[in-house]
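These are the residues of each chain, in order.
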Amino acid sequence: MSNFQQDIKTASGKLFVGIAWCLAWGEQRQPQFDIKELHQMREALHAGTDIPEKMRSLLEQVKQLETLKFPKTLDELKLLAEQHSILWNSRIGLVYGGATKIKQYVFEAAKLPDIRGASALLDRINLSDLPAFFNKNPESILYNYTIQCQEVRTWLNDNFPNEPKFSDALIPELIIYSTGGNILAFCPAAFADDLANAIEKRYTEETLAANSCAVADTFRLMETRFGLLQDPIENNFWLERYRQEYNKPLVRAYFGNLEKKPNEPCISDPVSVEEAFANRKSFNELTTKLAILFNQRRSGNDFPDRPSRRYPPMFETHPYLRRDEGDRRSAVAIVQPPLLPSESQFSEVSARKRRVGDRAKTGLAKTPEWYKNTGLEWQPGIIEGWVDKFEEFLQKNSEQCQQYYQTCQQDDVKIAKSLTHLGNVSNGFVAYIYADGNNMGGFIQKICTTPEKYKEFSEDVANATEYAVYQALAYNLHPRQIRGIKDPDSRWQDGDFIHPFEIITIGGDDIILIVPASQALAIAKMIGEQFEKILLKQVSLAGVEIQGNYHTKQSEKPIDLKKCHRYSSEKAELSQCQLSISSGVLITAYNTPIYYAKNLYEQLLKSAKSKAKKLRKYGYCGGTVDFLVLKAVTMISSDIDEFRKQALIKNPEVKIKDIHTPTLKLYAAPYTLHELGGLIETIDALNKAKFPRSQLYQIRDLLERGKHTAILNYRYFRVRLQQGQQELKEKFEEAWCQPKEQNNKGNLAPWMSILEPGETTYETIWRELVDLYDFIETSEDSGTSQERLVTQEAD
């Protein structure tokens, strides 16, 4: 093998091939080489064999692009542009796009099959159709996507005619990522706008109503390495000037603040002036420009030479025409029993959602009779639902499969038809888990400075998120039998086994689940823990390969875990991952309106992420969880924060001179993952102590009477317990309620103290213990599953 071949073979993988393809294609619609020669080059790059002689100079330039040293002066930058004229003069297309206002489209219907169908259809477009533009078929052990992806390419060529075909200009190696509802990809410069238009058109034609947006621009190849560059080069704001002006507010807002607060521990490598400038002047700057263009176009701004997006799809309605079940569009079909369990009115939009929902639920390609009778010709194609993917995970990981199915047969387990089924296996209550990643933007800005690192980061986070969910479901749940179902919409019979969860979406670092209320907190906790462990390569799972390094830097200043955790901080493990997940968990009755639940769990997630951000200044990088037990829909009118401030924080109305009257906070959420584990253990201790339920409620009611009254009553009831006093003392009083002041050996139970300058606030977990007491399962089985997980990780 020649030195040239060896150098090319060691180049950075697939994206190297994609950039070389664009350079060899050229900037026109007609390629500058024959398409057969381009494919020969592509195959040779993968195989490390001989490359056509006339393409070698282009490939050498692409190889050198990766090894160019960052120029510290404008003169050095100018010299690089002269030495590498091909990289300076050649342009490449970059496209970013995807669905917008996703939750508005998914949750506009109230029924679970329609929600499932809307989510699955968006996933199909993002994970199957858009990659098919680039001649990439999804990997699946259950389905063969070859025919479907060929149909997508035919659609692309018919709607955007070109000679040669549009699809001939696109190859799989151009995709940087296509997850989380968005796609970022290179393409030959002449096709950038067409590809953005194709993305928007695909979403509109398939969903009819979902919003989407895509933007494109062309950049110099050298800009993929050194960020946006002006011509002439002398006009660029470069490092010499940045050194002089980096403390100016406008410059600091663009490049980042280099000043580190002296009292905060350092959990990532300190950044010098040169590093901050180089991190910003990178591929990161190109994606930032596309993000700005994306927001502008999504807001209705017109772009030259592209169709306006100012007018979204509109559907006429009439006061004397029946509407669909969402009351948004005119119905085009009314389906009567027995084709569906009850009478249903469908617009074409809702009919597609229900059809896809049935497809995702049953996995069958056969068109149901009710859909045939509507006269609609649209077909969903292959819809690989999240349960299909969960079952693929179980097939690849036998231990988790055995843990989940136990004595059940996989073929006997069905997918829940509705929320009624999920509530049936959890005493009428379900839990919504809404999770999202922390510090993603900051990590991207500092670390993802090249297309390769973007691709690596996207794949790692998507894998860690998806497999963390599967792990948590497999270890905390198992198929359950439905009993006493009287819902007319149900065709399931008593005794049928169902999967006791619903995965609404797993997109990038975004998760929405519906699970039994009894295991909601355990699942949320394990998702956060497993996400970090997978990224740190502490868990071995079939099908998961983490490429990047996500470890935190060892802090020069010791991290005070007492400021991070209120529960047994000496037992807490130091978070070692730069990325984490926060969750909002809403426990509510199964018949709570979904749109109402959505509003609340989004607020809970926001609260949890705010807690994680505050703890980060103390060196805590792990996840957080906020939760709410909603036993009645009228319990909260709209805003959770306002409810807590008005109802659960007791400020002394009269300040008496020289007498300290503390503020009482009757809740302790949000929690760190370590604290959440402690909360579950404390509930277990209450159960084992057989703490009388009436006394639980009485202590809760007495919290509002003041600190001393609550302490006195708690002590009175605790010493009268017949059993479990010692365990309750260890798991609750000593673990949660130790005073923060040094040399104070007193007992604050059921309170915890928060020391603030000039004031002490007392908070308690007791109200949340009472709320969760009826929901949390504390059987030996759940503990055994946790022990198995620890054993597997140790192995």
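Relevant structure appears above.
The rules behind these values
- Position labels on residues start from 1 in each chain and follow its written sequence.
- Restriction of local features to residues with pLDDT of at least 70 applies here, the model being predicted, together with a cutoff of 80 or more for giving and counting side-chain atom pairs; totals for whole chains, interfaces and linings are based on all residues.
- Side-chain metrics rest on all non-hydrogen atoms present in the structure, leaving aside hydrogens and water.
- Runs of E in the DSSP output that reach at least two residues are strands. Runs of H or I that reach at least four are helices, and both are numbered from the N terminus.
- Between buried and exposed lies partly exposed: a residue is buried under 20% and exposed over 50% of the maximum accessible area for its type, with that area taken using a 1.4 Å probe on protein chains only.
- What the arc covers is the set of directions going from the helix axis to the C-beta atoms.
- Between two residues, a contact is recorded if the distance between any of their heavy atoms is within 4.5 Å.
- Should DSSP find at least two bridges between two strands, the strands are regarded as paired.
- Under this scheme, a helix contributes an axis fitted over its contacting stretch, all axes are lines through C-alpha atoms, and angles between N-to-C directions fall in the 0 to 180 degree range.
- Nine residue types can take part in a nonpolar core, namely buried Ala, Val, Leu, Ile, Met, Phe, Trp, Tyr and Cys, and a core is a set of them joined through side-chain atoms within 4.5 Å.
- Salt bridges are defined by distance alone: a side-chain nitrogen of Lys or Arg within 4 Å of a carboxyl oxygen of Asp or Glu.
- Grid points spaced at 1 Å over the protein atoms alone were grouped into cavities, where a 1.4 Å probe fits but cannot get out, and pockets, open sets with protein on both sides within 12 Å along at least five of seven lines, with lining residues defined by an atom within 4 Å of a point.
- Grid points are joined across faces, edges and corners, and a volume is the space filled by probe spheres set on the points.
- Here the term charged refers only to Asp, Glu, Lys and Arg, the term nonpolar to Ala, Val, Leu, Ile, Met, Phe, Trp, Tyr, Cys and Pro, and the term polar to all other amino acids, Gly among them.
- Here a Phe, Tyr or Trp ring, Trp counted by its six-membered ring, pairs with any other such ring whose centre lies within 6.5 Å, and the pair is stacked when the planes are under 30 degrees apart, edge-to-face when over 60, and tilted otherwise.
- Ring-over charges, as used throughout, are those where CZ of Arg or NZ of Lys falls within 6 Å of the ring centre and within 35 degrees of the ring normal.

> An account of unusual backbone geometry is requested, with residue identities and associated values reported.
Looking along the chain, the bond that leaves Asp 231 and enters Pro 232 is cis, with omega of 10 degrees. Its location among the elements puts Pro 232 in the loop between helix H11 (223-226) and helix H12 (239-245). The peptide bond linking Ala 749 to Pro 750 adopts the cis configuration, its omega dihedral lying at 10 degrees. Checked against the element boundaries, Pro 750 lands in the loop between helix H29 (725-736) and strand S18 (752-756). At Lys 690, a position not held by glycine, the phi torsion is positive, near 50 degrees. The topology assignment puts Lys 690 in the loop between helix H26 (673-689) and helix H27 (693-702).

> Report on helix H5 (residues 74-83), specifying residues and quantitative values.
All buried positions along H5 are accounted for by Leu 74, Leu 77, Leu 80 and Ala 81. Viewed end-on, H5 has its buried residues packed into an arc of 120 degrees, placing them on one side of the element. Of the exposed residues in H5, those oriented more than 90 degrees away from the buried face are Asp 75 and Glu 82. In the core, the buried residues of H5 are packed alongside helix H6 (85-89), H11 and H12.

> Kindly report on the sheet that holds strand S13 (residues 580-589), identifying the contributing residues and their values.
Reading across the sheet, the six strands line up as S11-S12-S8-S13-S14-S17 and stay open at both edges, with mixed pairing between neighbours. Whereas interior strands pair on both sides, the edge strands pair on one side only; in this sheet they are strand S11 (502-507) and strand S17 (671-672). The sheet contact formed by S11 and strand S12 (residues 510-516) spans five bridges and is antiparallel. Within S12, the position partnered with Gly 507 by the bridge is Asp 510. Helix H24 (residues 594-616) contacts strand S8 (429-438), S12, S13, strand S14 (624-630) and S17 of the sheet and is inclined by roughly 145 degrees relative to S13.

> How would you summarise the sheet that holds strand S15 (residues 649-650) if you had to cite specific residues and measurements?
Either a parallel or an antiparallel arrangement is found when strands of a sheet pair, and the pairing is made through backbone hydrogen bonds. The four strands lie next to each other as S15-S16-S19-S18, forming an open sheet whose pairing is mixed. The sheet is open, and its two edges are formed by S15 and S18, each paired on a single side. In this structure, S15 lies alongside strand S16 (residues 663-665), joined through two bridges in antiparallel fashion. The residue of S16 that forms the bridge with Lys 650 is Leu 664.

> Go over the nonpolar core with me, naming the residues and quoting the values.
Phe 133, Phe 186, Leu 579, Val 585, Phe 732, Trp 736 and Trp 766 are the most contacted members of the largest nonpolar core, which has 247 residues in total. With 12 residues, the top contributor of residues to this core is helix H22 (residues 451-476). Residues within four places of Phe 186 in sequence aside, it is in contact with Leu 15, Ile 19, Cys 22, Ile 92, Gly 93, Leu 94, Phe 134, Leu 174, Ile 176, Thr 224, Phe 283 and Pro 451.

> Any details on H27? Residues and values, ideally.
Quick reminder: α-helices carry 3.6 residues per turn. Residues three or four places apart thus point the same way. Taken as a whole, H27 has its buried residues at Gln 695, Leu 696, Ile 699 and Leu 702. Along H27, the residues classed as buried sweep out an arc of 135 degrees about the axis, all on the same side. Packed against the buried residues of H27 are H26, helix H28 (707-719) and helix H30 (766-772).

> Mind laying out the pattern of salt bridges, listing which residues take part and the relevant values?
Using the criterion set out here, one finds 41 salt bridges in the structure. For the salt bridge of Lys 289 with Asp 217, the shortest nitrogen-to-oxygen distance reads 2.9 Å. You can see Lys 289 sitting in helix H15 (residues 283-298) and its partner Asp 217 sitting in strand S4 (residues 211-220), a full 72 residues away along the chain. The class of Lys 289 is partly exposed, set by a relative accessible area of 31%. A salt bridge links Asp 774 to Arg 693; its shortest N-O distance comes to 2.3 Å. Residue Asp 774 is located in the loop between H30 and helix H31 (780-794), and its partner Arg 693 is located in helix H27; the two are separated by 81 residues in the primary sequence. Look at Asp 774 and you get partly exposed, because its relative accessible area is 40%. For Arg 693, a relative accessible area of 41% gives the class partly exposed.

> So what's going on with empty space enclosed by the protein? Residues and values would help.
Per the stated rule, a full pass over the model turns up two cavities of 30 Å³ or more. Volume-wise, the largest cavity comes out at about 110 Å³. Lining the largest cavity are 12 residues; nearest its centre among them are Arg 116, Gly 385, Trp 386, Glu 502 and Ile 503. When residues of the lining of the largest cavity are traced back to their parent elements, those giving at least two are helix H8 (112-133), helix H18 (386-396) and S11. Considered class by class, the residues forming the lining of the largest cavity number eight nonpolar, two polar and two charged. A volume near 30 Å³ is recorded for the second largest cavity. The wall of the second largest cavity is formed by Phe 107, Ile 115, Tyr 432, Ile 504, Ile 512, Ile 514, Ile 594 and Tyr 601. Elements represented by at least two residues in the lining of the second largest cavity include exactly S12 and H24. Here the lining of the second largest cavity is built from residues that sort into eight nonpolar, no polar and no charged.

> Could you give an account of the packing of aromatic side chains, with specific residues and numbers?
The full count for this structure, using the stated rule, is 41 aromatic pairs. Summarising the aromatic geometry, the rings of Phe 166 and Phe 191 are spaced 5.3 Å apart at their centres and angled 20 degrees between planes, so their arrangement reads as stacked. Here the residue Phe 166 occupies a position in the loop between helix H9 (146-159) and strand S2 (175-179), and Phe 191 occupies one in the loop between strand S3 (182-188) and helix H10 (192-207), the gap between them amounting to 25 residues. With centroids separated by 4.7 Å and ring planes inclined at 45 degrees, the aromatic side chains of Tyr 242 and Phe 255 adopt a geometry described as tilted. Taken together, the residues Tyr 242 in helix H12 and Phe 255 in helix H13 (residues 249-255) connect sequence positions 13 residues apart. Grouping residues by exposure puts Tyr 242 and Phe 255 together as buried. The side chain of Lys 201 reaches across the aromatic face of Phe 160, ending 5.9 Å from its centre. Directly above the aromatic system of Tyr 254 lies the positively charged group of Arg 280, at a separation of 4.3 Å from the ring centroid.

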